[in-house]
Amino acid sequence: MDDAAAAREAALRLLAHGDRSEAEVRRRLADAGHRPEPIDGAVEFLLRAGLLDDARLAQEWTESRGVRRQIGPRRIEAELRRKGIDAETVREAVGALTDEQALEGALAYARRRPDAGRLEEPSARRRLCAALQRRGYGWHTIEQVMAVLGANN
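Per-chain numbering applies: the sequence of each chain, read as written, is numbered from 1 onward. Confidence filtering applies because this is a predicted model: local features only for residues at pLDDT of at least 70, side-chain atom pairs given and counted only at 80 or more, and all residues used for totals across whole chains, interfaces and linings. Hydrogen atoms and water are omitted, and side-chain values are computed over all heavy atoms in the structure.

## A few points about the overall build of the chain
For step 1, the next point in the chain: Counting its secondary structure elements, the chain contains nine helices and zero strands.
For step 2, the next point in the chain: Starting at the N terminus and walking to the C terminus, you meet the elements of the chain as α-α-α-α-α-α-α-α-α.
For step 3, the next point in the chain: Based on C-alpha atoms, the radius of gyration is set beside the globule rule, defined as 2.2 Å times the residue count to the power 0.38. Rg of the C-alpha trace for the chain: 20 Å, well past the compact-globule value of 15 Å for 153 residues, more than 25% over.
For step 4, the next point in the chain: Once the C-alpha set of the chain is aligned to its principal axes, its extents read approximately 65 × 25 × 20 Å.
For step 5, the next point in the chain: Each residue is assigned to one of three classes by its accessible area relative to the maximum for its type, calculated with a 1.4 Å probe on protein chains only: buried under 20%, partly exposed between the two thresholds, exposed over 50%. The burial tally for the chain puts 40% of its 153 residues in the buried class.
For step 6, the next point in the chain: A contact between two residues is defined here by any heavy atoms of the two lying within 4.5 Å. Residue pairs in contact within the chain that sit at least 24 positions apart in sequence constitute 61% of those at least 6 positions apart. Secondary structure counts use DSSP, requiring at least four H or I residues in a row for a helix and at least two E residues in a row for a strand, with both numbered from the N terminus.

## Examining the nonpolar core
For step 1, the next point in the chain: One finds Leu 128, Leu 132, Tyr 137, Ile 142, Val 145, Met 146 and Leu 149 to be the most contacted residues of the largest nonpolar core, which totals 17 residues.
For step 2, the next point in the chain: Within the residue set of this core, elements represented by two or more residues are α7 (99-112), α8 (122-134) and α9 (139-152).
For step 3, the next point in the chain: No other element matches the six residues that α7 contributes to this core.
For step 4, the next point in the chain: Counting 11 residues, the second-largest nonpolar core is a separate cluster that includes Ala 10, Ala 11, Leu 46 and Leu 52. Nine residue types can take part in a nonpolar core, namely buried Ala, Val, Leu, Ile, Met, Phe, Trp, Tyr and Cys, and a core is a set of them joined through side-chain atoms within 4.5 Å.

## Observations concerning the packing of helix α2 (residues 22-31) against helix α3 (residues 36-48)
For step 1, the next point in the chain: Where α2 meets α3, the axes come as close as 10 Å, and the angle between the chain directions of the two elements is 145°. Crossing angle aside, the handedness with which α2 passes α3 is right-handed. Within the contact between the two elements, α2 uses Glu 22, Val 25, Arg 26, Leu 29 and Ala 30 and α3 uses Ile 39, Asp 40, Ala 42, Val 43, Leu 46 and Leu 47.
For step 2, the next point in the chain: In the scheme used here, Gly and all other residues not listed as nonpolar or charged are polar, with Ala, Val, Leu, Ile, Met, Phe, Trp, Tyr, Cys and Pro taken as nonpolar and Asp, Glu, Lys and Arg as charged. Of the residues that constitute the contact of α2 with α3, the class distribution is eight nonpolar, no polar and three charged. For every element, the axis is a line fit to its C-alpha atoms; helices are fit only across the contacting stretch, and the angle between N-to-C directions ranges from 0 to 180 degrees. Two helices crossing with the near one rotated counterclockwise from the far one by less than a right angle form a left-handed crossing, whereas a clockwise rotation gives a right-handed crossing.

Rendered as C-alpha cells:
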C-alpha cells in the first residue's frame, strides 16, 4: 500500500471513532508519521466525500455541549479552538447558542449542585459562581442564575 492510500485509510479509521476537525486529522496523521503530501491528499478526499466538515462539527459540538451537557459559550469556544477550528466558524457556531439556551443550561447545572439550596450563605454563592464560571458561563448569565435561584429560596 502506498503512503497516500495508507494516509487515507488512517484518516478513515480516525473518523470511524467520531467526528474530527481538519486540523485534528492533519495533526494525527502527521503524528503517525505520514508525509505532508499524502496528508493533503487524504484531507482533500475526506472533504470531497463530505466526511470532514469543520462548520458541521462546530455546530454539532455547540448543540451537544451547550444544550445537553450545560457547558457555557466561553468554554465551548475554547474547546473548538483547541480542535483547530477557525475563529469565524467558532463564532458562528457559538453565536447560534441563544442567551435563553445558555441560561437554561446554567440553571439546570446550578440546580444539581449542593450549593443551590444554601445561597443565603456567602460561601455557597461563591462556590456556585466559581463552578458556573469554570463551565464557561459569563457573568451576565451567572447573575441571572443567582437571581432566579435566590428568588426560589
